[in-house]
Every structure is written in C-alpha cells, then in structure tokens.
Amino acid sequence: MKILFLVYHGFSEHSGISKKIHYQVKGLRENGHDVRLCYYDFSPTGHRCRFVDGQVIQDYGTGVWAGLRQRLSYDGIYDYCLREGIEFVYARCFQNANPWLIRFFRRLRQAGIRAVTEIPTYPYDEEFRNFSCQQRMQLKMDQLFRHRLYRYMDAMVTFSDATEIFGQRTIRISNGVDFDSIPLHQPSSISHHPSSLHLIGVAEVHTWHGFDRVMEGLGHYRGTVPVYFHVVGGVHPNTMNHVFKPIIEKYGLQDRVVFHGQLFGEALDAVFNQCQFAIGSLGRHRSGITVIKTLKNREYATRGIPFIYSETDSDFDHQPYVMKAPADESPIDIQQIIDFMGRFTMQPTDIRRTVGPLTWKIQMQRVVDAIAGHNI
C-alpha cells in the first residue's frame, strides 16, 4: 500500500516524539508498504516548506504571511497524493483542526484516499491548562472544528481504550518499541539487598509525570538504605523553581535528587546502568487521563528495567516487574520499592522478552489491516 505519513511539524534529533514517528514509519516499511514521510520545516534558505522525504513539495516563502499560509494551504500535499497514487494518509494530531484542514481531508475522501488521525494522548484538553495563551487559543480553535474534521477520517488511532473519539470510531493499538534503538539494561551491580538504590525518571518533564510524588516520598522515607532519584530530561524553570526546589529544600534532598538534563546515547545508557528501578508517569490523573499506553513504559520494559506508574495500562498492569502506584497525590512509598527490589529476581533479558508483541511493525500493521477491511 502507498502510504503518506503526515506530520504538521518538523523533527528534532533528540526528540522522543521525532524518534517515535520515524520508528512508526520504519514499522510500516518493514511490513512491505511504500511509505512517504510528509512534514513541515524550514529549508536551508529560511523558507517555510512542506517536505516529503527531504524534497520540497510546497514552498510558502518567508515572513509572517508564510507562517499563515502554511496553516491555510494544504494543496501541495493534496496534489502530491494524487500525483503519486497515495492510497492511505496516516496523520498525527497536532490539535490544529480548522476549516482549511477540513477541506483538505474532505477532498482526500472525494478522491477515494483513506485517512486516519492518531491521537497521541486522549483526552488532551486538560494538558493545556498551564500552557501559553497562544497555545490555549489554538486549542479553542481545535475544539470548535475537530468534530467536523474527523468526520472525514476512516478512524482515529488511539493508545487509550476509547471506542469513539470526537464522534469517530477508533482503532486501539499500543505504543510500540524498536529493539534496534534501545540497548539492554546492564546494571552496574545486582544485589537483592543493595547498599543503595538508584531510581531513574526519563522525560521532558510535565506535571502529569508526577516526579514531585517521588521527591515527597524521599522526604518521608526513614529507612536505612540510601535512595537517589536521577531525573533525565528537560525541566521547565517554573516547574523547577515552584515545584521541585521547595520540596528539595523542605526535606534537604539536595544530594539525593540529581538533575542530569537531556542525555542521549552512551551518556543516557550510563545513567540507566547506574540505576536499578525506573519511574513512569505518576500524575496522569492531573490531566484527566486514567487509561493510556505510554511510550515510556514500553521503553523501560524494552531496556529490561522494572518500573512504577499510576495509570491503567493493560499491557503491563499484571507484569511481575511492575509496581502500581495509586492515581492520587500521595507521596510514593520508597520503602515499598526497596522491599519490591529485595525480592525481585527477573533479569533484563526476561523483561525485554515480554514486549515482543509490541514492536512497531506489529502495531502499525494492525492499523493498516483495520483500514483495509473497512469501507469508506
């Protein structure tokens, strides 16, 4: 099948979202599909352009009007789809529903081209609560037009258990993994009774990650085993100054909470290998989400490190290498993690083996199969 994977933004070499998109494209190609990746970015000359696999298909020019045109004109993508015989468009939601995007997908349907939109997190409205005024205005526009937009989809792809989103049926899949990109965890010391316990949380930190619950737990912890929390990823200054620092100063955790910033490759692997236990999302309830299949849980399992989270994730809820935290504001019980690790015997290879069915190749083919068996 000829597939256009449509993204409304550009890519960053170190972005987890960017990596995920490339793994999804790779998974589709591994199933034998002809996949073209369409995205929006700046050319080397500073022009705002729409690209397909590095080739410009629409040049919007420069300046403010160029930025506006890229939000209003999708003719270049439509013409490309017709010219190249695209059969299926897989779009990734950017909370950007508007009349011009509706027109684009309506024309695709009239041309007999199937389409789906992936909703990375659902529901997502509460995630905008502390965002900028401009971002909240974009959400208002999206709220106004999204039901009309998604009438022209064959389905919505979701990582939740929702059977319908914005009036459209869903295809429910899991976030996937790419074994080639994630090395196996190699802890520097393995002991049922470690002299110290190192926790790791990897994220571009938002309130829904709930890392403050771990810090509060460290503050309440009175055990004899020293415990350290390694935070890897960007932390917004407001979060650092108004959420994390007050907790750290209140409990004197300056030596027990380590902020590494963004790490990649061998530097990231080194911190992982120093740690024995990982921290998933502990605050999804803050954005109104109870069921989600996060990419981070799958990355931890692929590495082969045990972890904790608070949402409902049917792929992992009953796995022996997982701890479930309550979906509330209570501090994480650090002693429970120590006790869990004291009786934990699984090896990294054993954990990694359990996520075999979650490869992107398998997950993305589920979407194609669901669309191929559905009449427009």
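Attention here is on the structure that accompanies the text. (Residues numbered from 1 in each chain as written. Predicted model: local features only at pLDDT ≥ 70, side-chain atom pairs only at ≥ 80, totals over all residues. Heavy atoms only, no water.)

1. Focus: the pattern of salt bridges
What counts here: Salt-bridge detection follows one rule: a side-chain nitrogen of Lys or Arg within 4 Å of a carboxyl oxygen of Asp or Glu. Each helix is a run of DSSP H or I of at least 4 residues and each strand a run of E of at least 2, with the numbering of both proceeding from the N terminus. Buried means the residue's accessible area, taken with a 1.4 Å probe over protein chains only, is under 20% of the maximum for its type, while exposed means over 50%, and partly exposed covers the values in between.
Within the structure shown, the criterion is met by 21 salt bridges. A salt bridge links Asp-142 to Arg-146; the shortest N-O distance between them is 3.2 Å. Taken as a pair, Asp-142 and Arg-146 lie in helix α5 (residues 133–150) at a separation of four residues, close to a single helical turn. Look at Asp-142 and you get buried, because its relative accessible area is 0%. Where Arg-286 meets Asp-212, a salt bridge forms, and the shortest distance between an N and an O atom there is 2.9 Å. In this pair, Arg-286 sits in the loop between β13 (277–279) and α9 (295–303) while Asp-212 sits in helix α6 (residues 211–220), placing the two residues 74 residues apart along the sequence. Take Arg-286 and Asp-212: they sit in the same class, and that class is buried. Each of Lys-20, Arg-92 and Glu-118 takes part in salt bridges that share partners, so that together they form one network.

2. Here we look at the pairing of strand β4 (residues 55–61)
The condition is simple: Strand pairing follows a simple DSSP-based rule, namely that at least 2 bridges must link the two strands.
Relative to β4, strand β3 (residues 48–52) is paired through five bridges, and the arrangement is antiparallel. Within β4, the position partnered with Arg-50 by the bridge is Gln-58. Hairpin connection from β3 to β4: two residues lie between these consecutive antiparallel strands, with Asp-53 at a positive phi of about 50°.

3. Digging into helix α7 (residues 237–251)
Counted only if it meets this: What a helix should span is 1.5 Å times the count of its residues minus one. One axis fitted to the seven residues ending at a residue, another fitted to the seven starting there: the angle between these axes is the bend at that residue. Here, two residues are considered to be in contact whenever any of their heavy atoms come within 4.5 Å of each other.
Look at α7: 20 Å from first C-alpha to last across 15 residues, which is about the 21 Å you get at 1.5 Å a residue. Maximal helix bending in α7 amounts to about 40°, located at Phe-244; proline Pro-246 follows within four positions. Turning to α7, its buried residues are Thr-239, Met-240, Phe-244, Ile-247 and Ile-248. Against α6 and β12 (257–261) lie the buried residues of α7. Note on α7: the residue one or two positions beyond its end, Gly-252, has a positive phi of about 65°.

4. Structural notes on unusual backbone geometry
Residue Pro-123 is bonded to the preceding Tyr-122 through a cis peptide linkage, with omega at -5°. Here Pro-123 is to be found in the loop between β6 (114–119) and α5. Even without a glycine there, the phi angle at Asp-53 is positive, about 50°. Tracing the chain through its elements places Asp-53 in the loop between β3 and β4. Looking at Asp-53, the relative accessible area reads 39%, which means it is partly exposed. Of note in this structure, Phe-166 is not a glycine but carries a positive phi near 50°. In this structure, Phe-166 sits in the loop between β8 (164–165) and β9 (168–172).

5. Details of the environment of His-285
Note that His-285 resides in the loop between β13 and α9. Look at His-285 and you get partly exposed, because its relative accessible area is 25%. Expressed as a C-alpha distance, the spacing of His-285 and Gly-304, which sit 19 residues apart in the sequence, is 26 Å.

6. Here we look at the sheet that holds β13
Just so we agree on the cut-off: Only the contacting stretch of a helix is used when fitting its axis, a line to C-alpha atoms as for every element, and angles between N-to-C directions run 0 to 180 degrees.
Strand order in this open sheet of six strands is β12-β11-β10-β13-β14-β15, and the pairing throughout is parallel. Unpaired on one side and paired on the other, β12 and β15 (322–324) mark the two borders of the sheet. The mean angle between the axes of side-by-side strands here comes to 25°, regardless of whether they run parallel or antiparallel. Strand direction decides the pairing type here: strand β10 (residues 197–202) and β13, joined by two bridges, are parallel. By the bridge assignment for β13, Leu-199 is matched with Phe-277.

7. Looking at the environment of Val-227
Here Val-227 is to be found in strand β11 (residues 227–232). Exposure remark for Val-227: the relative accessible area of 1% places this residue in the buried category. Remark: the alpha-carbon pair of Val-227 and Val-291, spanning 64 residues in sequence, is separated by 30 Å. Among all residues touching Val-227, those that are not within four sequence positions of it are Leu-197, Leu-199, Leu-218, Tyr-221, Arg-256, Ile-334 and Ile-338.

8. Brief notes about the packing of aromatic side chains
When we look at a pair of aromatic rings, we describe it by the centre distance and by the angle of the planes. The condition is simple: Within 6.5 Å between ring centres, the rings of Phe, Tyr and Trp (the latter by its six-membered ring) count as paired, and their orientation is classed by plane angle as stacked under 30 degrees, edge-to-face over 60, tilted in between. We call a charge positioned over a ring when the NZ of a Lys or the CZ of an Arg lies within 6 Å of the ring centre and within 35 degrees of the ring normal.
According to the stated counting rule, one finds 18 aromatic pairs in the structure shown. Between Phe-211 and Phe-229, the aromatic rings sit 5.5 Å apart at their centres with planes inclined by 85°, giving edge-to-face as the arrangement. Placement of Phe-211 in helix α6 and of Phe-229 in strand β11 is noted, with a sequence separation of 18 residues between them. Looking at Phe-211, the relative accessible area reads 1%, which means it is buried. By relative accessible area, which is 0% here, Phe-229 ends up buried. For the pair Phe-272 and Tyr-300, a centre-to-centre distance of 6.2 Å together with 65° between the ring planes defines the contact as edge-to-face. One end of the pair, Phe-272, is in helix α8 (residues 265–274); the other, Tyr-300, is in helix α9, with 28 residues separating them in the sequence. Side by side, Phe-272 and Tyr-300 carry an identical accessibility label, which is buried. Here the aromatic cluster, defined as three or more aromatic residues joined through ring pairs, consists of Phe-272, Tyr-300, Phe-307, Tyr-309, Phe-316 and Tyr-321. Taking NZ or CZ as reference, Arg-107 lies 3.8 Å from the ring centre of Tyr-78, over its face. Above the plane of the ring of Phe-272 lies Arg-303, whose end atom (NZ or CZ) is 4.0 Å from the centre.

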